[in-house]
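Listed below are the residues making up each chain.
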Amino acid sequence: MKFKPLGERVLVERLEEDTKTSSGIIIPDNAKEKPLMGIVKAVSAKVKDDKTLKENDQVVFGKYKGTEIKLDSKEYIVLELEDILGVIEK
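Every value quoted in this text rests on a predicted model; they were computed, and no experiment measured them. (Residues numbered from 1 in each chain as written. Predicted model: local features only at pLDDT ≥ 70, side-chain atom pairs only at ≥ 80, totals over all residues. Heavy atoms only, no water.)

A separate point is the sheet that holds strand S3 (residues 58-61). In sheet architecture, strand pairing relies on hydrogen bonds along the backbone and comes in two forms, parallel and antiparallel. Within the open sheet, the six strands sit side by side as S4-S5-S1-S2-S3-S6. Their pairing is antiparallel. With one partner strand each, in any of the chains shown, strand S4 (67-71) and strand S6 (84-88) form the two edges of the open sheet. If you compare each strand with its neighbour and ignore which way they point, the axes differ by 45 degrees on average. Strand direction decides the pairing type here: strand S1 (residues 9-14) and strand S5 (residues 74-80), joined by four bridges, are antiparallel. Its bridge partner lying in S5, Val12 is registered against Ile77. (Pairing = 2+ DSSP bridges. Helix = DSSP H or I, 4+ residues; strand = E, 2+ residues; numbered from the N terminus. Axes fitted to C-alpha atoms, helices over the stretch in contact; angles between N-to-C directions.)

Laid out in structure tokens, this is it:
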């Protein structure tokens, strides 16, 4: 299924958090927080024109921002451009 964001929105796939601490303690699923970083999978035409973000950018976003959706049994989050705090450059 293909998803095209409208307005100034982007589709982001959350990155998975580590299930183990650096000392080797395993974190149970109910104690984990949702990650605040993800990979951009689709951008709207307005965002594409601004050249602010592009697909495959790694971004950081606000904790309680966006709308979660499920496409082809994968979970994504749709974010407004203003909810994205920054791009992580490699």
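Back to the write-up after that little detour.
Here Leu85 shows up in strand S6. Overall, the relative accessible area of 63% leaves Leu85 in the exposed class. In sequence terms Leu85 and Val59 are 26 residues apart; their C-alpha atoms lie 7.4 Å from each other. With residues near it in sequence (within four places) discarded, Leu85 still touches Val60, Phe61 and Gly62. (Buried < 20%, exposed > 50% of the residue type's maximum accessible area, 1.4 Å probe, protein only. Contact = heavy atoms within 4.5 Å.)

For the rest of this paragraph, the subject is the environment of Glu89. Considering the arrangement of structural elements, one finds Glu89 in the segment after S6. Residue class for Glu89 comes out exposed when judged on its relative accessible area of 74%. With 32 residues separating them in the primary sequence, Glu89 and Asp57 have C-alpha atoms 8.2 Å apart.

So, about the pattern of salt bridges. Taken as a whole, this structure holds five salt bridges when the rule is applied. A salt bridge links Asp57 to Lys54; the shortest N-O distance between them is 3.3 Å. Given a relative accessible area of 13%, Asp57 falls into the buried group. (Salt bridge = Lys/Arg side-chain N within 4 Å of Asp/Glu carboxyl O.)

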